[in-house]
Structure formats: C-alpha cells, structure tokens
Amino acid sequence: MLTIKLTAPDTYTAKEGGKELGSCRFAIEGDTLTITRAETLEGDGFLLDGLLRAALFYGYERGCVYGVIGEAAAEGFQRQLQALGLQAGVKLRQEDLPRHCGC
C-alpha cells in the first residue's frame, strides 16, 4: 500500500511496503511554503502530484498563503508539472491547484 507521510519537519516521503519511491522537501518562510526538492523513481507524475499536494497542503494548514515550486525542485519534472498545470516560481494559492491530476 502506498503511503505519503511527513518523515522529517521539512520532508514528505512516499513508500510502498518498505521501499521509498520518492520524497519532497520544503521550507516555510513568512507566508510562503517553497518546494526545494522533489524526487521520484522514474519521474512518476502521479507520485509527484501526491507529494507536491501533501507538502503544499501542509503549508496551507499552517497559515501559509502561498506555495511555490522552486526552480531546483522542478528540474527533471517539466513534463509532469505541465501536465498538472503547474510551473516553477509561480506563487499558488490553495484554490489555484488543479482539482485532478492531469498526468
């Protein structure tokens, strides 16, 4: 069973069984949560979507008004981000996130 959990104060990790499939690191500064790193095995777009949403909602729940996908985090994921309707460096409010994964 796939799980996505907060595994450190600044990291969400996706695992299936005991195998790590991906992770997403972030930093909160002021009213903005910035995704600083994202990794998935084989560039899985659905997994990337889940990790990004988990981290962004974590920030929104803690009072962040915006979420941003950092340029470094977006490297290697341009196609997946485009399918999700997202781009690096753009401030997103919670209501800006697509309702469904477009991967």
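Going by the structure above, here's the rest.
Keep in mind it's a predicted model, so treat the numbers as computed, not measured.

Moving on, we get to empty space enclosed by the protein. The gaps of empty space that remain are located by a probe, the size of a water molecule, rolled over the atoms. Under the counting rule described, the total for this entry stands at 1 cavity of 30 Å³ or more. The space that makes up the largest cavity amounts to roughly 40 Å³. Taken together, Ile35, Ala38, Leu48, Leu52, Ile69, Ala73, Ala74, Phe77 and Leu81 make up the lining of the largest cavity. Listed by contribution, the elements that provide at least two residues to the lining of the largest cavity are β4 (32-40), α1 (45-61) and α2 (71-74). Along the lines of polarity and charge, the residues of the lining of the largest cavity split into 9 nonpolar, no polar and no charged.

Judged by pairing direction, the sheet is mixed, and its 5 strands sit side by side in the order β1-β2-β3-β4-β5 without closing on themselves. Two strands bound the open sheet, and with one partner strand each, they are β1 (2-8) and β5 (66-69). Here the strands of the sheet are splayed against their neighbours by 25 degrees on average, with no regard to which way each runs. Relative to strand β3 (residues 19-29), strand β2 (residues 11-16) runs antiparallel, the two sharing 6 bridges. The residue bridging Thr11 from the neighbouring strand is Arg25, located in β3. Relative to the sheet, α1 contacts β1, β2, β3, β4 and β5, its axis offset from that of β4 by approximately 155 degrees.

Quick notes on the rules
- Residues numbered from 1 in each chain as written.
- Predicted model: local features only at pLDDT ≥ 70, side-chain atom pairs only at ≥ 80, totals over all residues.
- Heavy atoms only, no water.
- 1 Å grid on protein atoms, 1.4 Å probe; cavity = no way out; pocket = protein on both sides within 12 Å on 5 of 7 lines; lining within 4 Å.
- Points joined across faces, edges and corners; volume = space filled by probe spheres on them.
- Helix = DSSP H or I, 4+ residues; strand = E, 2+ residues; numbered from the N terminus.
- Nonpolar A, V, L, I, M, F, W, Y, C, P; charged D, E, K, R; others polar.
- Pairing = 2+ DSSP bridges.
- Axes fitted to C-alpha atoms, helices over the stretch in contact; angles between N-to-C directions.
- Contact = heavy atoms within 4.5 Å.

Keep in mind these values describe shape, not function.
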